[in-house]
Amino acid sequence: MELKQNSIHRKYHKAEAKNQITIGDDYSVPEGKPDIAEILQKKAELQVNEVHTEKGKIRIQGSLKLWVLYLAERSSDAAASLAAEFPFDEILYMEGASSGDNLKIDWNIEDLRVSIIHPGKLGIRALVTLRGTITGTETNLIAENMESTAEVYTNTGTFAMAEPILEKKESYRIRDEVSLPVNKPNVQNVLWKDLQLRGLDIRMQEGRLAVKGEVLFFVVYQGEEESPAIQWMEQSVPFHGTVDVPGLTPEMFGLLETEISHQDVEVKPDYDGELRMFQLELLLEIQMHIYEERICNVLKDAYSVKERLNLQRQEIVYEKLRMCNQTKCRVSGQQQIGEDVRILQILGHQAQLQERSQKVTEQGILCDGTLEVQVLYITASDSQPFGCVAVSIPYSQLIEIPEIQKDDTWKVTEDVEQIFISMPDSNQIEVRGTINLNACVMELCHLNNVTEVTEEPYNFEEYKKSPGMKIHFVQPKETLWEIAKENRTAVEEIKKLNDLTADEVSPGQKLLLMKQSAESILL
């Protein structure tokens, strides 16, 4: 007898490890740069240059890049900026890791502290979480049915599963140009530039991803004047486009993880040759984890009236979609600046999510974290015309996933959708924000799969001694298939003998059973 089989696939976590490291050092202000009176803005990003996987460990080499905008101590320079870089070389110990594994490295800057040791030196410390994840693909052969020259009765069914279709990374490049307003002077020197994504929306379409959102552009620069004045500009730049993904359909599901791998702002001359144009470039990496629902046939059971069939089984694990869900978390917070400070205008801001954590509850996935917003503003003070304040807003939001289980597999993405800054009064700042949270949860299912079928002869002498006809009372949860198998007859024979039109029977129902003759079995 030969099994008719088909293959199914499942993505699984082979190994995972994480470690928190501190990167940074004391940093002296370079020659030619003014000393520091006050830090106005700071930002950092981690760049991973090399990853080497060995048995049981992963070596990660890269650097922390830091940018600082500050108020200069000399009155001739109202503001200045500097950039620094700190290399790191870290080992992640991961049991089961080996060369050639499908490895993904994630990182998150949990805390960034930049302090003034003295006007010519900074103390820089970044707390970074490094996480390595190794995934694999498991393939199993599922018995759908069986082929035999003998008279064999089979019980088949179906089950739904989530079949992994795409596990790949695509890039979407955003390019645009922004011109200075007519009331702003030409650019002499760029002090600070920043690009942030807002309202990112990615949808699966036929053969492509549709991408749209906004780039929040902020720049601080020195203007071309006899006495260079500090200028600034903030503008939202909408974008939309597509990424070709052959084979993608709107019916597929999964999760899309995004990160900005590169951003740049370049000053360019306009049509009149004046430095009044900014060229923006941002590279968005989209990591796709895409599945589709697949209905699979499966052999549940089989028997023969002519011989005994022994079904060998092996339990396999597969996934099916429990739920993909998204929600929004709206937060707000206020920060008092100080009674001696009077704010004239908000210039710009940076926002990022820190200290993120997720855990499974009875109702879904609870996401906690902190929205950290740095707000840059102008004051009424001639001695300190600029200021910056950090507003930390904790958040806690449940992504509802009914009937979620502890052993379900899941992924969550979180990103900032919108930030609004206002001034309730001249020495107070209010921040309101919206955070997008998306989750995709898979249920782990088990199947007792038939792997082999062997035959052995029946004891016909014993069979001949059994009664030729009997009355059977249906037991609770008993099926017509089980009754037919136990009594070595066919479901259709029982239905015909008892004038049944369907396969359903009820507990206590009386059935007439008649065995086949030994002669007909031996034929």
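What counts and what doesn't
- Residues numbered from 1 in each chain as written.
- Predicted model: local features only at pLDDT ≥ 70, side-chain atom pairs only at ≥ 80, totals over all residues.
- Heavy atoms only, no water.
- Helix = DSSP H or I, 4+ residues; strand = E, 2+ residues; numbered from the N terminus.
- Rg over C-alpha atoms; globule rule 2.2 N^0.38 Å.
- Contact = heavy atoms within 4.5 Å.
- Areas by Shrake-Rupley, 256 points an atom, 1.4 Å probe, with all protein chains shown as cover.
- Lys, Arg positive; Asp, Glu negative; His and termini not counted.
- Charge placed at Lys NZ, Arg CZ, Asp CG, Glu CD.
- Phe/Tyr/Trp six-rings, centres within 6.5 Å; stacked < 30°, edge-to-face > 60°.
- Buried < 20%, exposed > 50% of the residue type's maximum accessible area, 1.4 Å probe, protein only.
- Lys NZ or Arg CZ within 6 Å of the ring centre and 35° of its normal.
- Pairing = 2+ DSSP bridges.
- Axes fitted to C-alpha atoms, helices over the stretch in contact; angles between N-to-C directions.
- Salt bridge = Lys/Arg side-chain N within 4 Å of Asp/Glu carboxyl O.
- Core = buried A, V, L, I, M, F, W, Y, C linked by side-chain atoms within 4.5 Å.
- Polar contact = N/O pair within 3.5 Å; in protein donor to acceptor, adjacent residues only side chain to side chain.

(A) Broad picture of the overall build of the protein chain. Within the protein chain one finds four helices and 21 strands. Its C-alpha radius of gyration of 34 Å places the protein chain more than 25% over the 24 Å reference for a compact globule of 523 residues. Dimensions of the protein chain, computed from the C-alpha atoms along their principal axes, are close to 115 × 45 × 45 Å. A separation of at least 24 residues holds for 78% of the contacts in the protein chain among residues at least 6 apart in sequence. In the structure as shown, the protein chain presents an accessible area of about 27,200 Å², 43% of it carried by carbon and sulfur atoms. Side chains of the protein chain carry 55 positive and 85 negative charges; the gap between the two charge centres is 5 Å.

(B) Highlighting the packing of aromatic side chains. Applying the stated criterion to the full structure yields eight aromatic pairs. Between Phe 217 and Phe 278 the ring centres are 5.4 Å apart and the planes differ by 55°, which places this aromatic pair in the tilted class. With a gap of 61 residues between them, Phe 217 in strand E10 (residues 208-223) and Phe 278 in strand E13 (residues 275-304) connect regions that are remote in the sequence. What makes Phe 217 buried here is its relative accessible area of 0%. Through a chain of ring-to-ring contacts, the aromatic side chains of Tyr 153, Tyr 303 and Trp 481 assemble into a single cluster. Here Lys 184 stacks its cationic end above the ring of Trp 232, 4.5 Å away from the centre of that ring.

(C) Structural detail: the sheet that holds strand E9 (residues 187-205). Taking strand neighbours across the sheet as the criterion, the three strands line up as E9-E10-E11 in an open arrangement whose pairing is antiparallel. Single-partner strands in this sheet number two, and they are E9 and strand E11 (230-244). The sheet shows a mean angle of 15° between the axes of neighbouring strands, direction not considered. Here E9 runs beside E10; their pairing, made up of 15 bridges, is antiparallel. Within the sheet, the bridge partner assigned to Gln 205 lies in E10 and is Arg 208.

(D) The arrangement of the pattern of salt bridges in detail. Evaluated as defined, the whole model comprises 21 salt bridges. Of the charged contacts in the structure, one is a salt bridge between Lys 168 and Glu 170, with a shortest N-O distance of 2.9 Å. Residue classification places Lys 168 among the partly exposed residues on the basis of a relative accessible area of 30%. Judged by its relative accessible area of 17%, Glu 170 falls in the buried class. In this structure, Lys 495 and Asp 503 form a salt bridge, with 2.9 Å as the shortest nitrogen-oxygen distance. Within this structure, Arg 173, Arg 175 and Glu 281 form a network of salt bridges that share partners.

(E) Structural context of the environment of Asn 487. Relative to the helices and strands, Asn 487 is located in the loop between helix H2 (480-486) and helix H3 (491-497). Classification of Asn 487 as buried rests on a relative accessible area of 15%. Among residues more than four places away in sequence, those in contact with Asn 487 are Lys 470 and Leu 513.

(F) Representation of the sheet that holds E13 within the structure. With respect to topology, three strands assemble into an open sheet ordered E8-E13-E12, the strand pairing being antiparallel. The open sheet has two edge strands with one neighbour each: strand E8 (152-179) and strand E12 (253-269). Sheet twist, expressed as the mean angle between neighbouring strand axes with direction ignored, is 10°. Relative to E13, E8 is paired through 27 bridges, and the arrangement is antiparallel. Paired with Val 152 across the strands is Ser 304, a residue of E13.

(G) Structural detail: the nonpolar core. Counting residues in hydrophobic clusters, the biggest one holds 33 residues, and the most contacted among them are Leu 209, Phe 217 and Ile 286. Those elements that provide at least two residues to this core are E8, E9, E10, E11, E12 and E13. At seven residues, E13 tops the list of elements feeding residues into this core. Those residues in contact with Phe 217 that sit more than four places away from it in its chain are Val 178, Asp 194, Leu 195, Met 233, Glu 234, Gln 235, Val 265, Phe 278 and Leu 280. Ile 39, Ile 60, Leu 112 and Ile 124 belong to the second-largest nonpolar core, a separate cluster that totals 32 residues.

(H) Structural context of the environment of Ile 401. Structurally, the position occupied by Ile 401 is in the loop between strand E17 (386-400) and strand E18 (409-425). Assessed through its relative accessible area of 0%, Ile 401 is described here as buried. Apart from the residues lying within four places of it in its own chain, the contact partners of Ile 401 are Arg 322, Met 323, Asn 325, Gln 363, Gly 364 and Val 441.

(I) Summary view of the pairing of strand E7 (residues 121-147). Looking at chain direction, strand E1 (residues 2-23) and E7 are connected through 21 bridges and run antiparallel. If you follow His 13 over to E7, its bridge partner there is Thr 135. Where strand E2 (residues 26-28) and E7 come together, three bridges link them in antiparallel fashion. Across the sheet, residue Asp 26 finds its bridge partner in E7, namely Gly 123. Examined bridge by bridge, strand E6 (residues 102-118) and E7 share 15 bridges and lie antiparallel to one another. Looking at E7, one finds that Asn 102 is bridged to Thr 135. In sequence, E6 turns back onto E7 through a hairpin of two residues.

(J) Just the side chain of Glu 319, in detail. By secondary structure assignment, the location of Glu 319 is in strand E14 (residues 307-336). Within the structure, the side chain of Glu 319 is placed 2.8 Å from the side chain of Thr 409, a separation counted as a polar contact. Setting aside residues no more than four positions away along its own chain, Glu 319 makes contact with Arg 10, Lys 11, Met 161, Ala 162, Tyr 291, Thr 409, Met 442, Glu 443 and Leu 444.

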